[in-house]
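Inside the fold
So the chains spell out like this:
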Amino acid sequence: MADLDLGDLAPQFDLPRDGGGSLSLASLLGKPVVLYFYPQDDTTGCTNEAIGFSQLKPEFEKLGAAVVGLSPNSVRKHDKFKSKYDLTVDLVADEERKVIEAYHLWVEKKLYGRRYIGVERATFLIGSDGRIAKIWRNVRVKGHAEAVLEAVRAL
C-alpha cells in the first residue's frame, strides 16, 4: 500500500468525539484541518502536544482552521484527558484503528531496544479542498504546534 503524499485526497473519517456525537472530515470541508495523530491520552508527550495545540487554538481559528487530535483511546478517556488539562481541541476516538491505518500510522516502533506496534506521532495539514497540504512524521512535540500554525498561515 502506497504511503500518502502531498496533494493526495485525505482519507475520510467519521468518528466518535469527546463530549458525545461524532466528527467527520467531510463536515470540515471548506476550511483547513490540522489532523494530529498521537499514541495515548495523559502521557507526557501527548499531553504537551495537546496543550500546545489548545493554547494556539484561537490563532488557528482566526485563520479558519480546525484542529483535531486522533488516537485509539476511547471517548471516555478523551473526556477525562480534556477535563484534566483544560484542553480545547477536538479529540476523536479511533478505537478500531481504521483511520490510523488509512493514514499508514500503525507502525513498528522501538523504545529502549524493545520493538512493538503502535501509533506514529504525525500531523497532516489538510487544505480546504480536502487534499493533503503538508505532512509531519515522527513528530517531536517541542515547537510542533507553532510550526503547524506557520504552515496554516502559509496556505
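Heads up: the structure comes first, above all this text.
Let me sum up the structure you'll find in this document. Given the structure is predicted, the values throughout are model-derived calculations rather than measurements. (Residues numbered from 1 in each chain as written. Predicted model: local features only at pLDDT ≥ 70, side-chain atom pairs only at ≥ 80, totals over all residues. Heavy atoms only, no water.)

1. Topic: the packing of aromatic side chains
- Inspection of the entire model under this criterion finds 8 aromatic pairs.
- Judged by centre distance (5.0 Å) and plane angle (50°), the rings of Phe 37 and Tyr 103 are tilted. With Phe 37 in strand E3 (residues 33–37) and Tyr 103 in the loop between helix H3 (98–102) and strand E6 (106–111), the pair connects residues that are 66 residues apart, well separated along the chain. Here the two residues Phe 37 and Tyr 103 agree in accessibility, since each one is buried.
- Put simply, the rings of Tyr 36, Tyr 38, Phe 53, Phe 60, Phe 81 and Tyr 85 touch in pairs and so form one group of aromatic residues.
- Its guanidinium or amino end placed over the ring of Trp 106, Arg 97 lies 3.9 Å from that ring's centre, counting from NZ or CZ. (Phe/Tyr/Trp six-rings, centres within 6.5 Å; stacked < 30°, edge-to-face > 60°. Helix = DSSP H or I, 4+ residues; strand = E, 2+ residues; numbered from the N terminus. Buried < 20%, exposed > 50% of the residue type's maximum accessible area, 1.4 Å probe, protein only. Lys NZ or Arg CZ within 6 Å of the ring centre and 35° of its normal.)

2. Remarks on the nonpolar core
- Counting 23 residues, the largest nonpolar core has Leu 35, Phe 37, Leu 70, Tyr 103, Phe 124 and Ile 126 as the members making the most contacts within it.
- Put simply, the parts of the chain that give this core at least two residues each are E3, strand E4 (66–71), H3 and strand E8 (122–126).
- In this structure, Phe 81, Leu 125, Val 139 and Ala 145 belong to the second largest nonpolar core, which totals 22 residues. (Core = buried A, V, L, I, M, F, W, Y, C linked by side-chain atoms within 4.5 Å.)

3. Considerations on the sheet that holds E4
- Across the sheet, 5 strands lie side by side as E5-E4-E3-E8-E9; this open sheet has mixed pairing. The open sheet has two edge strands with one neighbour each: strand E5 (90–93) and strand E9 (132–136). Across the sheet, the axes of successive neighbouring strands diverge by a mean angle of 20°, strand direction being ignored.
- Pairing geometry for E3 and E8, over 5 bridges, is antiparallel. Within E8, the residue paired with Val 34 across the bridge is Leu 125.
- Against the sheet, helix H1 (residues 44–62) touches E3, E4 and E8, its axis set at about 175° to E3.
- Along the sheet face, helix H2 (residues 75–85) touches E4 and E5 and points at about 155° away from the line of E5. (Pairing = 2+ DSSP bridges. Axes fitted to C-alpha atoms, helices over the stretch in contact; angles between N-to-C directions. Contact = heavy atoms within 4.5 Å.)

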